[in-house]
Each structure stands twice: as C-alpha cells, then as structure tokens.
Amino acid sequence: MTRNELTWLIGGPQGSGVDSSANIFGRACAYGGLQIFGKREYYSNIMGEHSYFQIRVSENQVRSHLDPVNVLATFEAETLLRHAQYVTDDGAIVYDPEVASTKIDDIPTIEARATQDLKAYLTARGVGESVQGALDAAAQRGVLLLPVPMTEFVAQVARKFNVDQLSRLSRTVNVLAVSASFGLLDYDFAEIAKAVRYVFRAKKSVAEMNEFGARLAYDHAKQNHGSGFAHRLAPVAANEKRIFVAGSQAVGLGKMLSGCRLQTYYPITPASDESEFLEANAVLPTGAEADSPEAQESAFLKENGNSIVVMQTEDEIAAITMANGAALAGTRSATATSGPGFCLMMEGIGWAAINEVPVVITLYQRAGPSTGMPTRHEQGDLRFAIHAGHGDSPRIVTASGDLEESFYDTVKSFNFAERYQCPVIHIVDKALANSTQTLPYFALDGVRIERGVLARPRDDGGYRRFELTPSGISPRAVLGMPGTIFWNTGDEHDERGHITEDPVVRMLMMEKRMGKLDLAAKEIPPEDQYAFHGDKDAETLVVSWGSTKGAILDAMEVLRAAGRKIGFLQLRLLHPFPSEAVAKVLRGRKAIVDVEMNYSATLAGLIREHTGIAVTHTVVKYQGRAMSCNELRDSLTAVLDGKAPPRQVLRHGV
Amino acid sequence: MASEVLLRPADFQSDVHNDWCPGCGDFGILKALQMALADLKFERHNVAIFSGIGCSAKTVHYVTTYGIHTLHGRVLPFAMGAKLANPSLQVVALGGDGDGLGIGAGHFVNAGRRNLDMCYLIFDNGVYGLTKGQASPTLKLGLKPKSLPAPNINDAVNPLWLALASGATFVGRGYSFDIKHLRDLIAKGIRHRGYAFIDVLQPCPTYNNLNTKDWYGGEDLVDAAERKTPRVYKLEERGVDPVVHTLEDTEAKQLQALKYALQWGDAIPIGVFYQNEQLPTFEDRLQDRIPSYAVEPPARQVIADAQGRPTVRLNKLLDELVVT
C-alpha cells in the first residue's frame, strides 16, 4: 500500500468549477499537514472546453507533477475519456455511471487527432468507443472503478435543504467527485469539511449543502471500495507554518512588499491574474497600529496608508509608457504581460533604457509565436527579453524557478531597477502562474528595499540628471523635487537631458549606460545570479533556467536516492550573463544537459555565446504542457547511462 | 502652488538653441505656454511638460520646467502615469496632430474616458513636418500641399469631435498667431478640473502652403472695399457659453460644441467649445476606491524605513493563506 504519495486529477468543462474542486482537494490535504503541488491546464475558452487540475500530494515538499495518475476524479464523460488510460494499474477512477454510455463521437470538444488516438487505443483493447469502453479498458488493467450515483446524491442534497432549482447545486457534483476520492483514500473527513467551508465561505448555505453532499459521497466510497484500495492519505503533523499559494499571487505579493505602488496592465493570459489580485487588494495593510481591529477602522489609517494603483490601459504600449511616467515621479512602477503584449512594449523599454528609468516588467511566458497557445506553457522568450527593443541598451533580465523565487525576485527586481536605473525584465511563465503549492511561510524579515542613488533637493540650478560619474550611475531626481529640473528624451542626450548628436557625448553616454551592466554583474550577489543544486563533483550536470527547476529537482531527488550523481546549475540572472561563473561550473564535466521548455534550447546557445562551451545534450519540450518529474527522470537516466541521443524531445501531457 | 518670487514668461525660457524653421507657428505656442505658466504663478518643479515626437515635441527642451520628450504617439500615457503617481504635479502634454491623432489615436480616445486633471495641446498643422511634409490626420481629403506628390487620399479626422466623443471635459481651439488668446486658453485648460484638450492651429511655413498664416488671416477674403475678413474668429466674442453649469446642460452644450466644431473654410472658430466640471475626475474615482489616495498617492508613500525594511505589513495578507 502507498501512503501519502499520490497524484490526483479532476477535470471538467471550463466554467464548471474544476478549479474550486481542486482547491478543496489541495486545501484538505494541506490542512492535514500534507504538501501539494497543483497544476492547472485549460483551453483559451470561457466555457465548455476541457480543463483539468492535477495535484501531487506528499509528506515532503513536491515541486512538480507526475504523468501517471493514481486517482482520476470525474463527473462527466470527456475527462474520463481523455485521462483514463493514464491512470496507474493500482489506481482508481471515480465517475458518474450515467455518463457510461456516452460515445467518443458525442463529444465535439476532443480534437480530431486526439479522437483518432483514443479510438485506436480502445479498439486495440477490444472495447467500445465510449466511456464504458474506457472503463472496460481500465478494468482490464486492474484499475478500481468507483461509480458515484451523483444525480441521486444531488437529489438528496436538494431534498434535505429544500432546494427547488437544481441549477443552484450545479457545483455539487464536483464536490461529490472530490469527496468520493477522499473516501476511497480513507482521508480524514474533518479536513475535507474545513476545505469545503473555506472554498464556499462567501455563502454559508452553499457551504452547508456541499458539506452534506461531500459526506454522502465520502461514506459511499469508503463503504463500497475503501478497504482494498492501494493508495491511502492520512494527516500528518506539520512541523512548520505553511501557506497555500497560487502562482498568480506570488509575484503580486512580492510587488506589494517591494513598494510597487503603480501597476499597469492590458488583459492577457496568463498575466492578468496578478494585476487583478493587486487591484482586489489595492489598500495595503501598514503600520503597527493596524494590528488591532479598532485601529483598522480608524479615520487616520483610512486616510494614511500604503496602496497600489492598478491601471487597466488601452494597450500594452500605454501599459509600459504609463509605468515609465509613474516611475519618473518616483513611484516604484511595474507592468505585467505575456508574449504578445511584451511585443508591443519594445519602444517603451528602449525609452526607459536611454532615460535610465527604473521600471519592472513581469513577463509571463506562454507558447508562441503570435497568439500561439495562449493558455499553454513555453519558455520561448529568453532571447527576446534580452534583446527587446532596437539599439544597444541596458536591461537586467532575471528568471524565477518557482513560486518562492517569484516572490523574492520581485522585490530584487525593483532593487536592481533602482540601483542600476534601467528596466528589469522579470521572467516567469504560465506553468508558474497556474500552479498551486504549499510553501513555508515567506521569510519577510530579511527583505530590504534599496532605492539606489537619489538626488536631493537643491537651489543652485546645477542638477544634471545624466551627470557622468565614475560608476555610471547619476543621482536620480524625481518629478516634483525642488531644484532638480531635468529633461528626458528618447533622443541621445547630454547630461541635462537635452538632445545631442555630438559624437563625443554620444560615446560617453553609451559607455555610461552600458557600463552599468558591468557594475550590476559585479555587484549582484552570486546567489542571485545562479544556484547550484545536487552533487558538486558530478560528471553529469544539468543546466536550465526558470520553471523547469521543480521537475529537475524532483527528478534529481529520485536519481540521487538511487545512487546516481548529478548536479544542476540554475541560471537566475540571464542578463548580464554570469559568464565566468558559468564557465567555471561547466568546465570539465563529462555531460552537460540543457533542459528547456522550448524548441531551440536558447540557454544552450547563450552559454555557447558567453563561455564558448557547448552542451553535450539537450532535453526540450514544446507541446505546451510543463515537463513532468517522470519524463525528466527518464531522459536524465538515459544521459547518465550513456544511452541518450544529443537531443531528447519530451512529449507527455494531455 | 504659488511661488514666493513670481516667475516671468522669460524665466520659463531655456538656453537651448531653438531649431524650428523661421516663421513656424510653434514659436507662438511656446510663447503662449510660457506666458500661461507665469500667469498661473507656477513654480518650475511643480510643472512637468510631456511631449511626443516631432517638431512640436521639441517644445519641452525650450521650457525650464521638467521636460519629458517621450515617444511618437505615446505622450498621453507617459503623462497620465506621472499624474497618477503624483496628482499634485501640474501635467501638460503636447504634440503634433500626427502624433496625437495618427499613431497615438488610441491613447487620445482613452485619455478622454479617464478624465485625469491635466491638459493636452495638439499643434495642428496638417502635415508631418520633421519627416518632410507627409499628410497628417487633420489634412482634408483632396488637398495637396506642395510637399505631397498627389492630393491627400484620406479624409481628415475632426479633433474636436473626437475629443468630445471620447469624453474630454474641456475642448478648446487656439491659433498660434493669436498669442494672448492662446495664453488665456492654455491657462483655462490647465485650471480646468479634469482633462482639457486644446487643438492649436499652427501653420507650417515649410510644408503646408495651403493653411498658412495669410490663409488663416483671410488675406484672400477681400470685400469690395478691400477689407480682409480673417477666417479665425473667437467664440466668446459671439456670446457662446460653453460651460455645463448643471448636468442637465450636458447634451445641449455638447451639441452646441459639435455644431461649432463643424465650422471650417471661411469662418473658423477658436476659444472654448465645451467645458464640464460636473463630472468626477479620475483622481476622484480613485479616491473612492483608495481613501488615502489624495493624501498619500503612489509617489508620496513611504515604502521603507531607514534600514530599508518594507512598511507594508504583508504578514496580514500572508496570514490569510496559512494552512498549517
């Protein structure tokens, strides 16, 4: 029997409450001291297309997903058809027996290619092209089938609470599927009830109805099938204070903490969630006084406090330029976007670079080019971020590997922007934005805000915004500061900021601006530039950047537990590139494996460009779904065994 | 904010060499702007002038306030960002007709929807001067200034109509060769509580040989007694009251403004077409959401203590996420 190591998946049409169901499942596990990693997949669609949420549970920290599913929770046909074949032989399928007769051809939302594959799979197993066929095929492998009479249970809830309109109970079927899963896993119902109450906290009566329904499904599953099931979940004592964080919150919380007080955005998936989170929390808690409820109500605090202005602009051009304008006035300002929006920001980023404006751009990568696959994952924008805009211009590019890094890196991004007076592009992605995780409570005490070299009010009329200094950094004045009149222009300019085409001044200004990158490379602490994980002296070294970190670390854990030696160099500062440090780590390795969620292995190219070192292997993926722990484990094993081709392309994921 | 020592218009003149063509209408606008700033008794550091790209955009380098010369078409979002961050700044945006109504048309419309308390001037000469005289969005269909190889194939947008349709709460038009009138109009626009748009008719002596100083002055409109009738006339001299005194006036005043804004040809009105201070500004609307906005707008918030520790108490939000 496997205890507290589980992958659970729920799916359903978009708009049917799959997210809340997963939220209940994840929270119930988390309340019981278990750790979770959740991954959300969905179409670019409002309603009706297939979405799913996959949660991996463990007593230890989990940072990635596994492809095989132990418990598949469904309440409709499509999820069952799409995912049943990935359920482990010792796993289970929770389903509504009423959908068993649904045929594949009755479901228009499964793409033609996937339909063909599915039919071929079922035909090969001698079963029908229907939900029943998929169930039969699963049963052949020993998968436990758990039918839950969902209509009957919903009717019972309706009777109990005198609900005439069954539409009010449309979400209850999801809760039934969640709760039946828990019954099967013999988990503690108290934690489930707590999670149900939390998720439906806005309406007590709805919470009560769902809790009642959850009990029905839980008992049904436990009584009928609980005893023999190969997987179990049980609460454990948590040894630390833990939070349950969704990806879109991590950067938002970092912005609040960093002192970002103006954020602009134009709606785009998957970046907008962060801006909406900020807008919903525009008034921020400040000061010791705010600790008491009375103080929170006081007129003083209502009129004096930190707040963040979130502006939905007419396009991304306005988003970056408005953020620039606010930064000129001294506000820590940012914008958040994704590939297509980032494309529109080029000119505004160049303007910020030539005028030495500290502005932060949070770039949520998604599958491109063009509209690409708006809700799917890719790390395709590294070169683009480094070279965004025309001309030679300084910018700092950082990339976070997980939600914790996303949080702390956001504060650092603003510090870098203000210290080096240039745009900072902070790269995250769809995989991070749509993942959910239990994490240790963020360590706030060590966080520091560094605003860089600032000008002071003066009365001699001699302020020069772009004063040439040995460091290349000029004291920064903000609009409204007495005696600091300055000019900005997108043209090349002199020390005061007036247009010039003088060749000598041009050279001095180029050297001033670009020199700041050398300074940044020198000053930014090594731990913010790269991180080394695993065996220092391993012959085989993985190099990567961004959100692949979780799957790499989890795969390495498995490999190292099996006695294999492997190291991982994670790049966190991509521009300026930490060339010497990277070269030092890479030199002398037998195998260097570049792992990236893109076609071109862009980091491998950058490494070659900056160090002259060619990686020996690449492991890439570009079908839009994040890398899983198991496929990475397999591809790294192949490298360790000396059996890997130079390029491995991963392809798992529905 | 009034200063102790009042600044004269000349005090707002920088030492930067002005490279506009001789006879350019921009000189009059620069002068009128400097006079308006002096009349408004502004201190330099409380004024930020933003510009787009083009001849007009160089204006900011000739003025001794903060001068932010931005990107082609993007002057409004830059200016709005600064105003939102620090609403006590006096923010003036300016640029050409191509800048504001061609490449920047989207921002032109959305600035109207927001109604921030700021003033935007368009230097309207019908051509793209700095790139050698191509047709701009205010050049009428079929016109052929000498810089065009063929008559204009596009029709013109009406800036005043577009401003009204977009929600601007102050819509005016000035003429660069009537400096005193323009000075007062700019001062009114800046004083206006909300978003003021002013279209300034500005002959380009180098590329637009149709809408010239002589043409606006009516040199060709001579009666039997050889008297000239200037094309440009002042709305206020015809007793037009553009002000929305109560919200019920709105439709009538908008229709009146649209009517006068249609006039062109031998009679071209200048002055205030429409003014409505009965509507909440964007700052008012933000204030409703964020009670501390007026006292502590973004740029005035203290975000860290002397040791760099953040002032925000993030633990209050993190506590809501705690599961164990």
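Along each chain, residues carry numbers from 1 onward, in the same order as the chain's sequence is written. Chains and ligands are labelled sequentially in the order written, the chains with letters from A and the ligands with numbers from 1. Given that this is a predicted model, residues contribute local features only at a pLDDT of at least 70 and side-chain atom pairs are listed and counted only at 80 or more, while totals for whole chains, interfaces and linings are drawn from all residues.

Student: Honestly, the overall build of chain A in this entry has me stumped. Any pointers?
Tutor: From N to C terminus, chain A includes 24 helices and 24 strands. Dimensions of chain A along its principal axes, counting C-alpha atoms only, are 85 × 65 × 45 Å. Residue pairs are scored as contacts if the distance between their C-beta atoms, which are placed from the backbone, is within 7 Å. Considering only contacts within chain A whose residues lie at least 6 apart along the sequence, 75% involve residues at least 24 apart. Counting from the N terminus, the helices are the DSSP runs of H or I reaching at least four residues and the strands are the DSSP runs of E reaching at least two.

Student: How should the overall build of chain B be read in this particular structure?
Tutor: A count of helices and strands for chain B gives 10 helices and 11 strands. Values of the radius of gyration come from C-alpha atoms, whereas the globule rule sets the reference at 2.2 Å times the count of residues to the power 0.38. Relative to a compact globule of 324 residues, whose C-alpha radius of gyration would be 20 Å, chain B shows 22 Å and is just as compact. Expressed as lengths along the three principal axes of its C-alpha atoms, the size of chain B is roughly 90 × 50 × 45 Å. Restricting the contact set of chain B to residue pairs at least 6 apart, pairs at least 24 apart contribute 69%.

Student: Looking at this structure, how should I read the sheet that holds strand E9 (residues 242–246) of chain A?
Tutor: Residues and elements named next belong to chain A. Pairing is mixed across the open sheet formed by eight strands, whose spatial order is E7-E6-E5-E2-E4-E3-E16-E9. The open sheet has two edge strands, strand E7 (144–147) and E9, and neither has a second partner. In this sheet, adjacent strand axes meet at a mean angle of 15 degrees when their direction is disregarded. One requirement defines pairing of two strands: DSSP has to find at least two bridges between them. The sheet contact formed by E9 and strand E16 (residues 435–440) spans five bridges and is antiparallel. Of the residues in E16, the one forming a bridge with Ile-243 is Leu-439. In this analysis an axis means a line fitted to C-alpha atoms, helices contributing only their contacting stretch, and an angle means the value between N-to-C directions, from 0 to 180 degrees.

Student: Looking at this model, I keep getting lost on the nonpolar core. Mind explaining?
Tutor: It is characteristic of soluble globular proteins that their nonpolar side chains tend to be buried jointly. By convention the nonpolar core is taken to be a set of buried residues drawn from Ala, Val, Leu, Ile, Met, Phe, Trp, Tyr and Cys and joined through C-beta atoms within 7 Å. Exposure classes come from backbone-placed C-beta atoms, where a residue is buried if 20 or more other C-beta atoms lie within 10 Å of its own, exposed if 12 or fewer do, and partly exposed in between. Core analysis: the biggest nonpolar cluster contains 272 residues, and Ile-93 and Val-94 of chain A together with Ala-82 of chain B have the highest contact counts within it. Setting aside residues no more than four positions away along its own chain, Ile-93 of chain A makes contact with Leu-72, Thr-74, Leu-80, Ala-84, Val-87, Leu-135, Ala-138, Val-143, Leu-145 and Leu-146 of chain A. Residues Val-127, Tyr-128, Ala-135 and Leu-139 of chain B belong to the second largest nonpolar core, which totals seven residues.

Student: What's the story with helix H2 (residues 75–85) of chain B in this structure? I'm lost.
Tutor: Each α-helix winds once per 3.6 residues, and so residues spaced three or four apart point in a common direction. The buried fraction of H2 of chain B is high, at 11 of 11 residues. Looking only at H2 of chain B, the buried set comprises Val-75, Leu-76, Pro-77, Phe-78, Ala-79, Met-80, Gly-81, Ala-82, Lys-83, Leu-84 and Ala-85 of chain B.

Student: Would you mind showing me how to read the interface of chain B and chain A here?
Tutor: Size of an interface: often given as the accessible area lost when the parts come together. Chain B puts 57 residues into the contact, and the matching count from chain A is 74 residues. Secondary-structure elements contributing two or more residues to the side of chain B that touches chain A are strand E2 (66–69), H2, helix H4 (105–114), helix H9 (282–289) and helix H10 (315–319) of chain B. With eight residues, the top contributor of residues to the side of chain B that touches chain A is H2 of chain B. In this classification, Asp, Glu, Lys and Arg are treated as charged, Ala, Val, Leu, Ile, Met, Phe, Trp, Tyr, Cys and Pro as nonpolar, and every other residue, Gly included, as polar. A per-class count over the side of chain B that touches chain A returns 31 nonpolar, 19 polar and seven charged. Where strand E17 (residues 487–489) of chain A lies against E2 of chain B, three bridges are found, and the strand directions are parallel. Across the sheet, residue Trp-487 of chain A finds its bridge partner in E2 of chain B, namely Gly-67 of chain B.

Student: What am I meant to see in the packing of helix H7 (residues 189–199) of chain A against helix H8 (residues 204–225) of chain A here?
Tutor: A packed helix pair is summarised by two numbers, namely the angle formed by the two axes and the spacing between the axes. Residues and elements named next belong to chain A. Viewed as axis vectors pointing N to C, H7 and H8 meet at an angle of 150 degrees, and their least axial separation amounts to 9 Å. Compared by their axis directions, H7 and H8 come out roughly antiparallel. For the crossing formed where H7 meets H8, the hand is right-handed. From H7, Phe-189, Ile-192, Ala-193, Val-196 and Arg-197 reach across to H8, where they touch Ala-207, Asn-210, Glu-211, Ala-214, Arg-215 and Tyr-218. Each angle receives one of four descriptions, namely roughly parallel if under 35 degrees, roughly antiparallel if over 145, roughly perpendicular if within 65 to 115, and oblique otherwise. In a left-handed crossing the near helix is turned counterclockwise from the far helix by less than a right angle, and in a right-handed crossing that turn is clockwise.

Student: Any chance you could explain the sheet that holds strand E20 (residues 567–571) of chain A here in plain terms?
Tutor: Two pairing modes exist for strands in a sheet, parallel and antiparallel, and in both the strands are linked by backbone hydrogen bonds. Residue and element names in this part refer to chain A. The strand order across the open sheet formed by six strands is E18-E20-E19-E22-E23-E24, and the pairing between neighbours is mixed. The open sheet has two edge strands, strand E18 (530–534) and strand E24 (647–650), and neither has a second partner. Within this sheet the neighbouring strands show an average axis-to-axis angle of 20 degrees, counted without direction. As paired strands, strand E23 (residues 617–621) and E24 are joined by four bridges and run parallel to one another.

Student: Could you clarify how one ought to interpret the domain arrangement of chain A in this entry?
Tutor: By the assigned domains, chain A splits into domain 1 (2–232), domain 2 (244–284 + 306–440), domain 3 (453–524) and domain 4 (528–650). Partitioning the side of domain 1 of chain A that touches domain 4 of chain A into residue classes produces two nonpolar, two polar and four charged. For the domains described, the bounds stem from an automatic or database domain assignment.

Student: Please explain the pairing of strand E6 (residues 87–95) of chain A as it appears in this structure.
Tutor: Within a regular strand, the side chains alternate between the two sheet faces. All names here are of chain A. The pairing of strand E5 (residues 69–73) with E6 spans four bridges and is classified as parallel. Within E6, the residue paired with Ala-73 across the bridge is Val-94. A crossover connection joins E5 to the parallel E6 through helix H2 (residues 77–83); in handedness this β-α-β unit is right-handed. As paired strands, E6 and E7 are joined by four bridges and run parallel to one another. Of the residues in E7, the one forming a bridge with Val-94 is Leu-146. Crossovers are marked right-handed if the path from the first strand over the helix to the second runs clockwise, as seen with the strands pointing away from the viewer.

Student: Sorry if this is basic, but what is going on with the environment of Gly-67 of chain B here?
Tutor: Tracing the chain through its elements places Gly-67 of chain B in strand E2. Sequence spacing of Gly-67 of chain B and Ile-153 of chain B is 86 residues, and the spatial spacing of their C-alpha atoms is 36 Å. Those residues in contact with Gly-67 of chain B that sit more than four places away from it in its chain are Trp-487 of chain A together with Ile-49, Val-60 and His-61 of chain B.

Student: I keep staring at the confidence of the model for chain B and nothing clicks. Help me out?
Tutor: Do not read the fine detail of predicted coordinates wherever pLDDT is low. On a scale of 0 to 100, pLDDT captures the predictor's confidence in every residue. Summarising the model, chain B shows a mean pLDDT of 96, and 99% of its residues fall at 70 or more. Here the complex is predicted with pTM 0.97, and the ipTM for its interfaces comes to 0.98.

Student: Where do I start with unusual backbone geometry in this structure?
Tutor: Generally, phi is negative for residues other than glycine and the peptide bonds are trans, each holding for most cases. Residue and element names in this part refer to chain A. For the peptide bond that leads from Thr-269 to Pro-270, omega is 0 degrees, which places it in the cis range. Relative to the assigned elements, Pro-270 resides in the loop between strand E10 (260–265) and helix H10 (272–280). A cis amide bond, omega 0 degrees, links Gly-368 with the succeeding residue Pro-369. Within the secondary structure layout, Pro-369 lies in the loop between strand E13 (360–365) and helix H16 (382–387). Positive phi values are uncommon outside glycine, yet Asn-4 reaches one of about 55 degrees. Along the chain, Asn-4 turns up in the loop between strand E1 (2–3) and strand E2 (5–13).

Student: What is the right way to look at the packing of helix H1 (residues 18–31) of chain A against H7 of chain A in this model?
Tutor: Residues and elements named next belong to chain A. The contact between H1 and H7 brings their axes to 8 Å, and the two run at 135 degrees. Comparing the axis directions of H1 and H7 gives the class oblique. Our pair here, H1 against H7, has a crossing hand that is right-handed. The segment H1 lies against H7, with Ser-20, Asn-23, Ile-24, Arg-27, Ala-28 and Tyr-31 engaging Glu-191, Ile-192, Lys-194, Ala-195, Val-196, Tyr-198 and Val-199. Taken together, the residues of the contact of H1 with H7 break down into eight nonpolar, two polar and three charged.

Student: Explanation requested: the environment of Phe-123 of chain B in the structure shown.
Tutor: Residues and elements named next belong to chain B. Tracing the backbone through its elements, the reader meets Phe-123 in strand E4 (residues 118–124). Under the C-beta neighbour-count criterion, Phe-123 is labelled buried, with 29 such atoms within 10 Å. Sequence separation between Phe-123 and Ala-82 is 41 residues, and the spatial gap between their C-alpha atoms is 22 Å. Discounting residues that sit within four places of it in the chain, Phe-123 has contacts with Asp-26, Ile-29, Ser-56, Leu-94, Gly-96, Val-200 and Gln-202.

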